[in-house]
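# Geometric and topological summary
What follows is each chain in one-letter form.
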Amino acid sequence: MRLLLSLTAAAVLALLVALWAMGGVDAIGQWAAVQQRGFQNTIALALRSARAGESGAVIALLGACFAYGLAHAAGPGHGKVLIGGYGFGRAVPMLRLSVIALLASLGQAVTAVVLVYAGVLILNLGRDSMIGITEQIMAPVSYGAIALIGLWLLWRGLRRMMGRRETHTHGHDHAHSHNHNHVHGAEVCGHCGHAHGPTLEQVGKANDLRAALALIAGIAVRPCTGALFVLIITWQMGIGPLGVAGAFVMAVGTALITIAVGLAAAGLRGGLLAGLAGSTRLAQAASVVETLAGAVVFAIALTLLLRAL
Amino acid sequence: MKRILPLLLTLVMAQPLGAHPHVFIDTGLTLAFGLEGRLQRVKVIWIYDAFYSLLITQDMDLDQDGDGLLNPDEKAELTGFDMQWVEGFNGDLVITQEGQELALSGPQDVTATFVEGQIVTTHWRDVTQDTAGSGTYEVTPYDASYYTAYEVTLPVEILGADQCRSRIAMPDITADLDALRQELFALDRQTQPEDAGLPNIGAKFADKVVVTCASS
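Analysis parameters
- Residues numbered from 1 in each chain as written.
- Chains lettered and ligands numbered in written order.
- Predicted model: local features only at pLDDT ≥ 70, side-chain atom pairs only at ≥ 80, totals over all residues.
- Heavy atoms only, no water.
- Helix = DSSP H or I, 4+ residues; strand = E, 2+ residues; numbered from the N terminus.
- Buried < 20%, exposed > 50% of the residue type's maximum accessible area, 1.4 Å probe, protein only.
- Contact = heavy atoms within 4.5 Å.
- Areas by Shrake-Rupley, 256 points an atom, 1.4 Å probe, with all protein chains shown as cover.
- Disulfide = S-S within 2.5 Å.
- Expected span 1.5 Å × (residues − 1).
- Pairing = 2+ DSSP bridges.
- Salt bridge = Lys/Arg side-chain N within 4 Å of Asp/Glu carboxyl O.

On to the overall build of chain A. Helix and strand counts for chain A come out as 10 helices and 0 strands. Counting over 309 residues, chain A shows a buried share of 49%. A fraction of 81% describes how many contacts in chain A between residues 6 or more apart in sequence connect residues 24 or more apart. A total accessible area of about 14,400 Å² is found for chain A, and carbon and sulfur atoms account for 71% of it.

What follows is the structure, encoded as structure tokens:
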């Protein structure tokens, strides 16, 4: 039964890879771009109405910002790769992963607000320079941070793979002639007194608060340019607070997509490894998964970083 | 290229990474024919998308009262904002007759208005070289670099030539073209398509207005 789950998960994974290889992901991104263009225009019109004080304009603006956030997140960026990679590579409780994704998106909104208002109030920066800063400094920083996290996942996975091999060479030469009343496929071996194969829970707990914070920071440091636009324009128009609300509503939109990606990745991981629960192979498989996830995250982030430099 | 307003940069940045095009213009055309069925003048109507229109009006501090209307002074200021053409800029319009490209004058009789949040500009252009009487014309508004996407969405008007008919040949999105679109999308926003080996990409995605005139 569990093996079936593993095979199904493996099939889904293979399907996703095939989809990506055939440009399916690009197609989604392209569709997202078309949607985004539509919402962009809606936001522009809503901003005008809001300035004119038309009733219903606020709702229209916030609704358009939310939709924009959803469409924008479906395209490249916004931490999908990182959250997905992390959820796939390490056993993270779904709630925790979702909270991380939400905080990362909200963090992007915070960065946008801070950048804009620091820019206009303190540094008197123009719109172009603020967006220039975002693209020339913060984007590379974000990609760099994500690449590092990918590397960390990769390194942990590799270390685990190496470590596993070492522990297997110990203590199994002793005779098995006495009573074999240990429980197979579960925890502690009765006669040798140590764990053979770990359970799913034991493998790779995402314990670190530090890891979570690194994830959030890596994504949040790069604000969404759509939010920047709304913030700057509303400030110019004298309806700044509405812009701040719009930026956060956008963040909620992007968060929904990112959370969905994270949950799907975690679910896929769970399915993939379910067939191996309790066996010695689980730990090995888990470390391979972690290494792979780390490698993919690192590779993608590095590509983005090099393009941005 | 049109005069590059600083906020064009902003527009670029606000788009998802590498997603050309950045400005969307609903285009209209009026083709004025003269004696013997020769194309003489062309009127071009550009309706900018709401997003870009907002950037322009904000940058130029227009419509300060936010009522969606421009007072005469603001209108005067807006008129011609997109008509400061750099030497060599073809006005993003190519007209051919039987395959031969026709020379066009610069923009004349320029207007600009603001309708429901969108900037609408019009201008006329003379066909400055002698055309060979009747035949098939192809009028294609497009930006070779595909920074701007022109879509002929308004009805094409033909003046002074009852024997001519027009139809719009939209780009045939074949598998190849779709792949090209994917490639374009994958470009970094800083990269020009032609640097990435995709020259004249705009032409491939352009709407072409084909005008056939029955011989008199």
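Alright, that's what it looks like, and here's the rest.
The full count for this structure, using the stated rule, is 1 disulfide over all chains. Each sulfur of the disulfide joining B:Cys164 and B:Cys213 lies 1.9 Å from the other. Its S-S torsion of about 105° marks the bond between B:Cys164 and B:Cys213 as right-handed, since a negative value means left-handed. With B:Cys164 in strand 10 (residues 164–169) and B:Cys213 in strand 11 (residues 208–213), this pair connects stretches of sequence that are 49 residues apart. Looking at B:Cys164, the relative accessible area reads 4%, which means it is buried. For the unlinked cysteine A:Cys65, the closest cysteine sulfur is that of A:Cys224, found at 9.5 Å. Using a relative accessible area of 0% as the deciding quantity, one classes A:Cys65 as buried.

Now for unusual backbone geometry. Residue and element names in this part refer to chain B. Despite not being glycine, Asp-92 shows a phi value in the positive range, around 50°. Relative to the helices and strands, Asp-92 is located in the loop between helix 3 (72–78) and strand 3 (93–97). Judged by relative accessible area, which is 6%, Asp-92 ranks as buried. A positive phi angle, near 50°, is found at Glu-116, a position not held by glycine. Considering the arrangement of structural elements, one finds Glu-116 in the loop between strand 5 (108–115) and strand 6 (118–126). Assessed through its relative accessible area of 69%, Glu-116 is described here as exposed.

Because an α-helix packs 3.6 residues into every turn, residues spaced three or four apart end up facing the same way. Residues and elements named next belong to chain A. In this model, helix 8 (residues 225–237) (13 residues) spans 18 Å end to end at C-alpha, consistent with the 18 Å of a helix rising 1.5 Å per residue. Extensive coverage of helix 8 is indicated by the burial of 11 of its 13 residues. Positive phi appears at Gly-238, one or two residues downstream of helix 8, with a value of about 85°.

A word on the sheet that holds strand 10 of chain B. Residue and element names in this part refer to chain B. With antiparallel pairing, 5 strands are arranged side by side in an open sheet as 4-3-7-11-10. A strand with exactly one partner marks an edge of an open sheet, and here the two such strands are strand 4 (100–101) and strand 10. Where strand 3 meets strand 7 (residues 136–141), 5 bridges bridge the pair, whose relative direction is antiparallel. Paired with Leu-93 across the strands is Pro-141, a residue of strand 7.

So, on to the pairing of strand 5 of chain B. Residues and elements named next belong to chain B. As paired elements, strand 5 and strand 6 share 6 bridges and run antiparallel to each other. Directly across from Ala-112, in strand 6, lies its bridge partner Thr-121. Hairpin connection, strand 5 to strand 6: the antiparallel pair is bridged by 2 residues, and Glu-116 has positive phi, about 50°.

This part is about the pattern of salt bridges. Residues and elements named next belong to chain B. Tallied over the full model, the rule gives 3 salt bridges over all chains. Ionic pairing is found between Arg-41 and Asp-109, a salt bridge with its closest N-O pair at 3.1 Å. In this pair, Arg-41 sits in strand 2 (residues 39–48) while Asp-109 sits in strand 5, placing the two residues 68 residues apart along the sequence. Note that Lys-208 and Glu-138 form a salt bridge whose closest N and O atoms lie 3.7 Å from each other. With a gap of 70 residues between them, Lys-208 in strand 11 and Glu-138 in strand 7 connect regions that are remote in the sequence. Looking at Lys-208, the relative accessible area reads 32%, which means it is partly exposed. The exposure class of Glu-138 is partly exposed, given its relative accessible area of 29%. Beyond isolated ion pairs, a larger network of salt bridges with shared partners links Arg-41, Asp-109 and Asp-126.

The values are spatial; any link to function lies outside them.
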